[in-house]
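# Reading the structure
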Amino acid sequence: LIMMEDDGKKPPAAVEEKEQEEEGDQGIVKTKAPDEVDYANYFCAYAELYHQKQMLVDTIRMEQYMASIINNKKQFKGKVVIDIGAGTGILSIWAARAGAAKVYAVEATEMALYARRLIKHNNLDKIITVIQGKAEEVKLSEKADIIISEWMGCFLLRESMLDTVIWARDNLMKKDGALYPSHARIVIGAIVDTDRRMDDKKAMCHNDRVEWSRFQGLARHKYQVDMSVLTKSYHKELDEYYFNTAMCLNLYPEQILGENIRVIEWDLHEITQEQLKKDKSASFDIKMLQSGVMGGLAGWFDVDFRGSKSDPAEKPVVLSTSPRVGITHWGQQAFFLQKPVHVSRGDTCRVNMRITRQRKNDRMIDVMLGFEGTLAGTPCKMAPTLYHVE
């Protein structure tokens with residue numbers, strides 16, 4: 001047992017309780033814990049089984065990851081594998097069962113304690129070593145042949161976990177190693193607002209404004225405080241929340257109005273840290289496949305499990321979060337228009353997109369979208385509009 005020195009902080013009560021259960025943290029290798037801000041902004045949710053369950057019951061996610069590993073035993077047999085963001089250790093278990101000689105399950109949160117218990121219960125603790133800590137703090141005596149990770153956030157890039165995977169690729173994996181998944185892309189399509197969500201947003205925003213107005217009157221007459229100086233700022237917050245925040249939805253296939261356009265595609269063996277941190281821009285045309293009312297644009301992602309050039313997957317797998325595939329916990333990001341636009345089949349609109357990291361929290365992203373074109377015989381243009389993906 002190797003216990004690496006931590007930062008000396010006493011673990012929270014929940015962790016102490018976990019350590020007292022069954023075999024506790026025996027067999028866990030610990031590194032330096034994430035800093036408190038990053039833990040609060042990102043890691044803390046993944047320390048709960050309730051949150052992990054949301055991912056574990058996603059059958060599309062589970063089946064495609066399992067297929068990418070178990071159906072490619074030739075690629076995994078005898079290999080050293082690192083599982084980044086291992087959670088409960090499911091991917092590590094599959095890698096071991098696919099014939100990996102050694103698996104390092106790296107998990108930053110106390111979920112590592114549950115992973116250890118699950119792995120031992122499945123009699124794989126001789127192959128899998130659980131490491132509790134950030135991947136950037138891990139030091140191994142050997143380089144990995146394969147890195148597996150379920151790093152994707154909503155709209156692919158939310159949470160910015162790909163940064164960690166690319167760091168691990170550069171520092172913990174052999175030069176000719178393989179990433180699973182190996183390729184990723186963002187897809188954009190035009191959609192119909194079938195459920196009239198924008199109407200709901202406008203109604204809720206109006207009701208909140210009315211409620212604020214009533215509160216102002218109460219504050220003035222009962223509490224003898226004039227709150228009117230804050231009205232403009234409050235209205236701005238409402239507009240940002242209702243009209244400048246994307247919605248995570250599971251759309252119906254019939255809501256897709258136009259072509260699905262691959263706007264960003266990456267070979268994860270090639271992309272650099274510097275490229276990841278830069279703003280990402282794309283301009284593209286969407287052709288309408290049917291007539292109707294365009295209520296907005298939607299974005300989702302696909303990832304491929306192709307292995308590496310030197311050791312390609314025997315049976316490549318695609319994990320798609322398209323509305324046409326089915327329901328996933330990622331859903332799709334819907335960017336609704338305040339004024340829906342009539343379109344005719346065959347119309348084309350030019351879309352400009354820019355993805356940036358939020359300044360307050362660089363794990364979160366903003367998407368700037370604008371478009372123009374002649375739609376249903378009428379020239380239309382939407383000025384660039386900022387949407388928060390949160």
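Further up the page is the structure itself.
Keep in mind that this is a model prediction, so the values were computed, not measured.

### Points about the overall build of the protein
Scanning the protein from N- to C-terminus turns up 11 helices and 16 strands. Counting every position in the protein, which comprises 390 residues, the buried fraction comes to 52%. Carbon and sulfur atoms make up 50% of the accessible area of the protein, which totals about 19,300 Å².

### Brief notes about the sheet that holds strand E16 (residues 378-389)
The strand order across the open sheet formed by 4 strands is E10-E14-E15-E16, and the pairing between neighbours is antiparallel. Edge positions in the open sheet fall to strand E10 (280-287) and E16, since each of these has one partner strand only. Geometrically, the sheet is characterised by an average inter-axis angle of 15 degrees between neighbouring strands, direction not taken into account. Bridge count between E10 and strand E14 (residues 348-357): 8 bridges; the pairing is antiparallel. Counted as the bridge partner of Ser281 is Arg354 from E14.

### Some details on the pattern of salt bridges
Overall, the coordinates contain 18 salt bridges when judged by the stated rule. The salt bridge partner of Asp199 is Arg196, with a shortest N-O separation of 2.6 Å. The partly exposed category is assigned to Asp199, whose relative accessible area is 35%. By relative accessible area, which is 53% here, Arg196 ends up exposed. Its salt-bridge partner being Arg354, residue Asp279 comes within 3.1 Å of it at the nearest N-O pair. Here the residue Asp279 occupies a position in the loop between helix H11 (273-277) and E10, and Arg354 occupies one in strand E14, the gap between them amounting to 75 residues. We classify Asp279 as partly exposed; its relative accessible area is 39%. Accessibility expressed as a relative area gives 40% for Arg354, which makes it partly exposed.

### Description of helix H10 (residues 231-243)
Helix length check: H10 (13 residues) gives 18 Å between terminal C-alpha atoms against 18 Å at 1.5 Å per residue, within 8%. Buried residues of H10: Thr231, Leu238, Tyr242 and Phe243, and no others. Take H10 and look down its axis: the buried residues cluster within an arc of 90 degrees, on one side only. Exposed and oriented more than 90 degrees from the buried face of H10 are Lys236, Glu237 and Tyr241.

### A few points about the packing of aromatic side chains
Two aromatic rings are characterised by how far apart their centres lie and by the angle between their planes. In total, this model carries 9 aromatic pairs according to the counting rule given. Ring geometry for Phe76 versus Tyr180: centroids 5.1 Å apart, planes at 65 degrees, classification edge-to-face. Of this pair, Phe76 sits in helix H5 (residues 73-76) while Tyr180 is found in strand E6 (residues 173-180), placing the two residues 104 residues apart along the sequence. There is no split in this pair, since Phe76 and Tyr180 are both buried. Pairing Phe155 with Phe335 gives two aromatic rings, centres 5.6 Å apart and planes at 75 degrees, and the pair type is edge-to-face. Here Phe155, found in the loop between strand E5 (144-149) and helix H8 (162-172), pairs with Phe335, found in strand E13 (residues 332-343); they are 180 residues apart in sequence, far enough to count as distant. The burial state of Phe155 is the same as that of Phe335; both residues are buried. Put simply, the rings of Phe155, Phe335 and Tyr387 pair up and form one aromatic cluster. Stacked on the ring of Tyr104, the Lys or Arg Lys102 has its end atom at 5.6 Å from the ring centre.

### Focus: the sheet that holds strand E4 (residues 128-132)
If you trace the 6 strands from one edge of the open sheet to the other, you get E1-E4-E3-E2-E5-E6, paired in parallel fashion. The open sheet is flanked by strand E1 (28-30) and E6, the only strands paired with a single partner. Strand-to-strand twist in this sheet, taken as the mean axis angle between neighbours without regard to direction, amounts to 25 degrees. Here strand E3 (residues 102-107) runs beside E4; their pairing, made up of 5 bridges, is parallel. Residue pairing in the sheet places Val103 in a bridge with Ile128 of E4. This element, helix H7 (residues 111-121), spans E1, E3 and E4 of the sheet and lies at about 170 degrees to E4. Contacts from H8 reach strand E2 (80-84), E5 and E6 within the one sheet, and its direction differs from that of E6 by about 150 degrees.

### Let's talk about the pairing of E13
Here strand E8 (residues 247-249) pairs with E13 via 3 bridges, running antiparallel. Note that in E13 the partner of Cys248 across the bridge is Gln333. Looking at chain direction, strand E11 (residues 292-307) and E13 are connected through 7 bridges and run antiparallel. Directly across from Gly292, in E13, lies its bridge partner Val343.

### Focus on a nonpolar patch on the surface
Together, Phe215, Leu218, Tyr223 and Val225 give the surface a local cluster of nonpolar side chains, amounting to about 340 Å² of exposed area. Within the fold, Val225 resides in the loop between helix H9 (197-221) and H10. Residue class for Val225 comes out partly exposed when judged on its relative accessible area of 39%.

Criteria and thresholds
- Residues numbered from 1 in each chain as written.
- Predicted model: local features only at pLDDT ≥ 70, side-chain atom pairs only at ≥ 80, totals over all residues.
- Heavy atoms only, no water.
- Helix = DSSP H or I, 4+ residues; strand = E, 2+ residues; numbered from the N terminus.
- Buried < 20%, exposed > 50% of the residue type's maximum accessible area, 1.4 Å probe, protein only.
- Areas by Shrake-Rupley, 256 points an atom, 1.4 Å probe, with all protein chains shown as cover.
- Pairing = 2+ DSSP bridges.
- Axes fitted to C-alpha atoms, helices over the stretch in contact; angles between N-to-C directions.
- Salt bridge = Lys/Arg side-chain N within 4 Å of Asp/Glu carboxyl O.
- Expected span 1.5 Å × (residues − 1).
- Arc of directions from axis to C-beta.
- Phe/Tyr/Trp six-rings, centres within 6.5 Å; stacked < 30°, edge-to-face > 60°.
- Lys NZ or Arg CZ within 6 Å of the ring centre and 35° of its normal.
- Contact = heavy atoms within 4.5 Å.
- Patch = residues over 30% accessible without salt bridge, like charges linked within 9 Å, V, L, I, M, F, W, Y side chains within 5 Å.

Remember, this is a structural readout, not a statement about activity or role.
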